[in-house]
Each structure stands twice: as C-alpha cells, then as structure tokens.
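# Fold and geometry: a report
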2 protein chains.
Amino acid sequence: MVNYSTSEENHIKAIFHLQTHSGNVSTNELARELRTKPASVTDMMKKLRDKKLLHYQPYQGFRLSTEGKKVALGIVRRHRLWEYFLAEKLKFSWEEVHAVAEELEHVSSRKLIDKLDEYLGFPRFDPHGDPIPDTEGRIRYNPQICITALELNLPAQICHVSDQSKELLELLEHKQLRIGTKVEVKKKFDFDQSLELRIKTATKQTASVMISVQLAQNIFVKHV
Amino acid sequence: MVNYSTSEENHIKAIFHLQTHSGNVSTNELARELRTKPASVTDMMKKLRDKKLLHYQPYQGFRLSTEGKKVALGIVRRHRLWEYFLAEKLKFSWEEVHAVAEELEHVSSRKLIDKLDEYLGFPRFDPHGDPIPDTEGRIRYNPQICITALELNLPAQICHVSDQSKELLELLEHKQLRIGTKVEVKKKFDFDQSLELRIKTATKQTASVMISVQLAQNIFVKHV
DNA sequence: AAAATTATTTAGACAAATCTAAAAAATGAG
DNA sequence: CTCATTTTTTAGATTTGTCTAAATAATTTT
C-alpha cells in the first residue's frame, strides 16, 4: 500500500467527485475546484498518470483508473468517518465538520481508520447523508425505504411516490413535498401514526410539515 | 494565532523535550533525535529564530523562547490528547499509540482539540502517564497521592514512604518495592482492602505483588 | 473555413525542506 | 599553547508543489 501526499490526495479526491457528474474532468474545472492554477493541475496530472492513478492524454481531460478510484474511495472513507466522529461524538455542527475532516482525512494509518469505524459502530452515512465506503471501498447504496421506516433525524430525500393520482399529487404540492425534497422525520405520533417532518425547500428554507399515515405510506425516500 | 508547518512543529517539539534534560540543545543532538542531518537543523534553526520561537547564536546551541515554549506545549497537548483517545476509546495498545499521535498532532484546529479534551473528560495524563497541558499550556503536576487512592491501571511511580522503620523497609525490599519503582494498581479487594499491584522492576520485568492495607497506607506515588 | 476566443500545456522561476561536500569554529589532548 | 578532532555552519544542489507568462491546441463565431 503506497502513501500519497496531501496534495496528490486532494487532486484525486476532487477528480473523483467531479467525474461522477460529467464524464472526463477538464483542467480548468479541476483548477477551479482546488483553487489552484491550470498549469499546476497539468503538472500534477502528469505525475498521477505516471503513478497509474489516472488516464490522461494532453487536451483530453482526466479520468481515474481503477487503482485511482480505489485510492479515492479510501480518502472518502476517511473523510466521512471523521465527519461522523466530529458531529456525533464531539458535537460539531454540520457546517463545521467538513473543514476539520479535510485535515484529518490525510492521516494515513489504516488501522486508525478501521478502529475508528468500529468505535463508531460502522456507520453507513456521514452527517450530510453521504454514504461511507467500507474497508474494501464498497459503497453500500441506500435502498429506497418508505418514509414511515425512516429513522428519526436522519437526512433523506424524497425519491419516489407510489401513488401518482391527482389527489395525492395535489396534497404533496400543497405541502411542498416533491421528488428531491430533503426531509427528516422529527417525530412519530403513535396515536394516529402521523409524522412531523422537517423539510428543506428548493429555496433553502426549512419548514415543519405534518403528514398522515395514509400519505406517508406512499412516500419513499433514500438517505441523502 | 500563527500556524507552523509539520517540520517546524517537529523541530520545536524535539527541542522542548531535549531541553528539559540538558540546558541548551546542540545541533548534532537535535539532528540525531529527528533523524536528519546537522546542516538541515542549522537551516531550520535560522528560520525559527527569525520567527522568534527560539534563541540561537551560531555555535551556541538553541533554547526555546517564551513564545516557542507556548507553541511546544500546544503540540504536546495535542499529541497526548490523541494518545489518550487512541488508547482509551479506540483500544490501541500503549506501544501503537505514539506513532499515530505523531501524525494527528499536526492537525491544527484549536476547536477540535478543545472539544476532544471535553469529550475525553479533561484527562490529566496520557496512557504513558505523561501530563497533558491544559488550554493555556499549563501542566498540572502530579501531586503525591497515597497508593490507596490511585485509580486502577494508571501508571505511577513510588516517590515516598511515610514510615521509614526497619520493619517496613524490610518488607518493601522483599516485595521489590523501592523509590522509583513503576507500579499500577490492578485490583482492590474490599474484604481487607489489600491491593494487587503490577510492578516494573529495575530489570524491566513485570511482576504481580499483593500488599496489605497497612503497607499501602505508607506508600505514596505520583503519576509517571 | 478563417479569425477570434478559450483551454491547455510548456518553459522557466520560486519557496520550502532536505541533502552532500567543503569550510570554519570550537574543543580537547598532549 | 598548538595541533588534531569534533562540531557546526556555509555553499550549492535536489525534490515537491506551486506560480506567471508565453506558446500551442481546440473550439466557437462569423
């Protein structure tokens, strides 16, 4: 197992994130993401290409190799486990977590991370709802679950409604619940199994919403 | 609050540790400690002198300034808190703890360390028994305590016996308990308040020793 | 399709941290 | 006290990661 410098790791991680959206990643795109200059990116790309971490032909953009992806997943795993630790154990707020994890993720002891994982109880999602890769770099993707089965306070996103009738959609619309809406269950009322949700609207405002069990049974979410 | 590079921090820390023993620290001494070359040390000393972290006249060795000591204590605090975390929470063994803490100590977020400190319950000693400086860099030195009051499994060292009679010394000698002997209390028996100790002899072997409450009340220790 | 614009790469420079080899200063042995 | 030895510093080179400015390639506009 080879070790990479902080700068190399940051480049690999950035390509990993950008490449999920578009296909190949361009020089300018990467330079913008890393707040560096295109010339510096080209230099680094040559080095990472020589180390067989990515595919790169001049003027063609970059794409991680299989090995490069493996390295990237290791970095992502470290980052997200630290985020979980910071939020869950040290009581950092969601916003603060990222910057500190950026530093901690470069500490390279494999044993440290595996023991941290164990200590945290093998969490599957970080505080932002992003999945945490396992020891082998596998991401255990979120299965769709009914919102009635969603754990309290776990960030999720509406991804499916099973009934597409006019009546249901009218109700959803009224409550500002749409595919893609970010949602957490804040409370479950045993009396009528209604749910209190906290949603984040497209305009980034949060709001409280009550939904009946009849509605809830038709809403499916996945962890964000 | 300024940030220092990993290399600068390692130099400051090494001087801090060496200077407690001898007075001024010499170039060769420091180079040996850091597994680097004397020429490299000289270069770094000039830089740290310019940053007012230490006093350095060519050929005269180095000594940390007040500011330098403050920085060193910050690094030591981080190192020892991480050691405590690794041993206590992640169940690393004593030997493994140091190397990983060497990496973690350079993560610079002040808030991270203070929250970690709080999470750990403001421990005063790391797993090796070394004191952990507080937020202000103060080291709270070990008061002498009677071995009957020593927490289980906390490494300590015999520093005083209150009764100096021939009878007591004979017994201590027989049990290989001397001033300076490293000792931990492994078990306290409620029935007769006798203690089971684990001691490390001068020849670095460990042994189990049982002592009565009468004897224990005369043995004073401090955290190592 | 040529010109203009944009993106990318190359060339050369720089700072940080290290090294080797050589010079200079301090120390210590006779 | 002088000469040999040891310690420390200086001088100059190297590596890594970055930059600016200029050159080149690709893309878009007219």
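Report on the accompanying structure. (Residues numbered from 1 in each chain as written. Chains lettered and ligands numbered in written order. Predicted model: local features only at pLDDT ≥ 70, side-chain atom pairs only at ≥ 80, totals over all residues. Heavy atoms only, no water.)

### Details of the sheet that holds strand 5 (residues 182-188) of chain A
Residues and elements named next belong to chain A. The antiparallel open sheet is built from 6 strands, whose spatial order is 3-8-4-5-6-7. At either margin of the open sheet sits one strand with a lone partner, and together these are strand 3 (145-146) and strand 7 (206-211). Note: strand 4 (residues 156-161) against strand 5, 2 bridges, orientation antiparallel. When the sheet's bridge partners are listed, glutamine 157 is paired in strand 5 with lysine 182. (Pairing = 2+ DSSP bridges. Helix = DSSP H or I, 4+ residues; strand = E, 2+ residues; numbered from the N terminus.)

### A few points about the pattern of salt bridges
For the structure on display, the rule yields 30 salt bridges over all chains. Among the salt bridges present, the one from A:Glu105 reaches A:Lys13, with a minimum N-O distance of 2.8 Å. Pair noted here: A:Glu105 is in the loop between helix 5 (94-104) and helix 6 (110-119) and A:Lys13 is in helix 1 (residues 6-21), with a separation of 92 residues, a long-range link. In this structure A:Glu105 comes out as buried when scored by relative accessible area, which is 0%. B:Arg178 serves as the salt-bridge partner of B:Glu173, at 3.0 Å between the closest nitrogen and oxygen. Since its relative accessible area comes to 44%, B:Glu173 is described here as partly exposed. Relative accessible area serves as the criterion here: at 40%, B:Arg178 is assigned to the partly exposed category. What you see here is one network of salt bridges that share partners, running through A:Arg77, A:Arg110, A:Asp114 and A:Asp117. (Salt bridge = Lys/Arg side-chain N within 4 Å of Asp/Glu carboxyl O. Buried < 20%, exposed > 50% of the residue type's maximum accessible area, 1.4 Å probe, protein only.)

### With respect to the side chain of B:Lys13
Residue classification places B:Lys13 among the buried positions, given a relative accessible area of 9%. Those residues in contact with B:Lys13 that sit more than four places away from it in its chain are B:Ile75, B:His79, B:Glu102 and B:Glu105. (Contact = heavy atoms within 4.5 Å.)

### Points about the interface of chain A and chain B
With 20 residues of chain A in contact, the opposing surface of chain B contributes 20 residues. For the pair chain A and chain B, the summed buried surface comes to about 1700 Å²; carbon and sulfur atoms form 68% of the total. For the chain A face of the interface with chain B, the top three residues by lost area are A:Leu90, A:Lys115 and A:Tyr119, together amounting to 29%. When the shortest N-O distance is used, the salt bridge between B:Glu96 and A:Lys111 registers 2.2 Å. Breaking the side of chain A that touches chain B down by element, the ones donating at least two residues are helix 4 (66-88), helix 5 and helix 6 of chain A. Per element, the largest residue contribution to the side of chain A that touches chain B is 5 residues, and it comes from helix 6 of chain A. Looking at the side of chain A that touches chain B residue by residue, the classes come out as 11 nonpolar, 3 polar and 6 charged. (Buried area = accessible area lost by both parts, 1.4 Å probe. Nonpolar A, V, L, I, M, F, W, Y, C, P; charged D, E, K, R; others polar.)

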